[in-house]
Amino acid sequence: MARSDFSFPKTKRLTLPAEFARVKGQGTSERGRYLVLGALKLKDEKSFRAGFVTPKHIGGAVVRNRVRRRLRDIVRTAQPQLRPGVWLVVVARPHAATATHQQLKDEWLRLAERASILAP
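Below is a short write-up of the structure. Model, not experiment: these values are computed from the prediction.

## So, the overall build of the chain
At step 1: A count of helices and strands for the chain gives 3 helices and 4 strands.
At step 2: What you see in the chain, going N to C, is helices and strands ordered as α-β-β-β-α-β-α.
At step 3: For 120 residues, the compact-globule estimate of 2.2 N^0.38 gives 14 Å, and the C-alpha radius of gyration of the chain, at 13 Å, lies within 12% of that figure.
At step 4: When its C-alpha atoms are laid out on the principal axes, the chain stretches across 40 × 35 × 25 Å.
At step 5: The burial tally for the chain puts 41% of its 120 residues in the buried class.

Below, the structure written as structure tokens:
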């Protein structure tokens with residue numbers, strides 16, 4: 001797989017508050033110990049888009065940024081497995097601050113499978 005297949009440009013990210021609200025209002029959510037995964041399946045969308053939320057109660061800026069970078073990397077490397085036309089919102093929970101990268105990845109894959117957003 002080419003390196004560009006794993007890029008994660010801003011065009012693949014949810015950035016507007018209205019987009020996050022749409023996933024929350026119209027989508028489904030799966031909850032785990034470290035993450036909450038919101039997913040909205042759209043017919044007119046060609047690829048997936050993802051947004052990340054790291055609330056302040058997780059920790060200071062350094063901790064939140066570390067968690068956000070890990071989550072972005074997990075979604076970025078899982079791109080080939082995702083169904084097209086899905087908007088995702090990944091919300092970190094307080095235990096995510098102390099979780100390892102592998103624990104976050106395992107939970108994300110489990111929640112993604114439960115949400116039926118992985119390609120067959």
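Okay, back to it.
## Notes on the nonpolar core
At step 1: Ranked by size, the top nonpolar core spans 29 residues in total, and within it Leu 37, Val 75, Leu 88, Trp 108 and Ile 117 carry the most contacts.
At step 2: Of all the elements in the fold, those that place two or more residues in this core are strand E2 (35-41), strand E3 (49-53), helix H2 (61-77), strand E4 (86-92) and helix H3 (101-114).
At step 3: Residue contacts for Trp 108: discarding those within four places in its chain leaves Leu 35, Leu 37, Ile 74, Val 75, Ala 78, Leu 82, Leu 88 and Val 90.
At step 4: In terms of nonpolar packing, the next biggest core, distinct from the first, is built from 6 residues, Leu 14, Val 23, Trp 87 and Val 89 among them.

## Things to note about the side chain of Arg 64
At step 1: Along the chain, Arg 64 turns up in helix H2.
At step 2: In this structure Arg 64 touches Thr 54, Pro 55, Lys 56, Ile 58 and Gly 59, once residues within four positions along its chain are discounted.

## Side note on the sheet that holds E2
At step 1: Taken in spatial order, the 4 strands make up an open sheet running E1-E2-E4-E3, and their pairing is mixed. Looking along the sheet, the strands with just one partner apiece sit at the ends: strand E1 (28-31) and E3. Put simply, the sheet's adjacent strands are angled 15 degrees from each other on average, direction ignored.
At step 2: Pairing of E3 with E4 involves 5 bridges; the strand directions are parallel. Residue Gly 51 lies in a different strand from E4, and its bridge partner there is Val 89.
At step 3: Here H3 sits on the sheet in contact with E1, E2 and E4, set at roughly 35 degrees to E2.

## What about the packing of aromatic side chains?
At step 1: Throughout the structure, instances matching the rule amount to 2 aromatic pairs.
At step 2: Seen from their ring centres, Phe 8 and Phe 48 are 6.1 Å apart, and the 10 degrees between their planes marks the pair as stacked. Note that Phe 8 is positioned in the segment before helix H1 (17-26) and Phe 48 in the loop between E2 and E3, a separation of 40 residues in sequence.
At step 3: Measuring from centroid to centroid gives 6.1 Å for Phe 8 and Phe 52, while their planes differ by 80 degrees, and the two rings are edge-to-face. Here Phe 8, found in the segment before H1, pairs with Phe 52, found in strand E3; they are 44 residues apart in sequence, far enough to count as distant.
At step 4: Under the relative-accessibility criterion, Phe 8 is labelled buried at 9%.
At step 5: In this structure Phe 52 comes out as buried when scored by relative accessible area, which is 13%.
At step 6: Taken together, the ring pairs in this structure connect Phe 8, Phe 48 and Phe 52 into an aromatic cluster.
At step 7: The positively charged end of Arg 22 is found above the aromatic ring belonging to Trp 87, 5.2 Å away from the centroid.

Rules and cut-offs
- Throughout this document, residue positions are counted from 1 along each chain, in the order its sequence is written.
- The predicted origin of the model limits local features to residues at a pLDDT of at least 70 and limits the giving and counting of side-chain atom pairs to 80 or more, whereas totals for whole chains, interfaces and linings rest on all residues.
- Water and hydrogen atoms were dropped before computing side-chain values, which therefore reflect all heavy atoms in the structure.
- In this description a helix means any DSSP run of H or I spanning at least four residues, a strand means any run of E spanning at least two, and both kinds are numbered starting from the N terminus.
- Restricting the calculation to C-alpha atoms gives the radius of gyration, and the globule rule supplies 2.2 Å times the number of residues raised to the power 0.38.
- For every residue, the accessible area obtained with a 1.4 Å probe (protein chains only) is divided by the maximum for its type, and the residue is called buried under 20%, exposed over 50%, and partly exposed between those limits.
- Within this scheme, the nonpolar core is defined by two criteria: the residues are buried Ala, Val, Leu, Ile, Met, Phe, Trp, Tyr or Cys, and they are joined through side-chain atoms within 4.5 Å.
- Contacts were defined at the residue level, with two residues in contact if any of their heavy atoms lie within 4.5 Å.
- Should DSSP find at least two bridges between two strands, the strands are regarded as paired.
- Geometry is summarised by axes, namely lines fitted to C-alpha atoms with helices restricted to the contacting stretch, and by angles between N-to-C directions that run from 0 to 180 degrees.
- A pair of Phe, Tyr and Trp rings is counted when the ring centres sit within 6.5 Å of each other, with Trp represented by its six-membered ring. The angle between the planes then sorts it: under 30 degrees is stacked, over 60 is edge-to-face, the rest tilted.
- Criterion for a charge above a ring: Arg CZ or Lys NZ at most 6 Å from the ring centre, at most 35 degrees from the ring normal.

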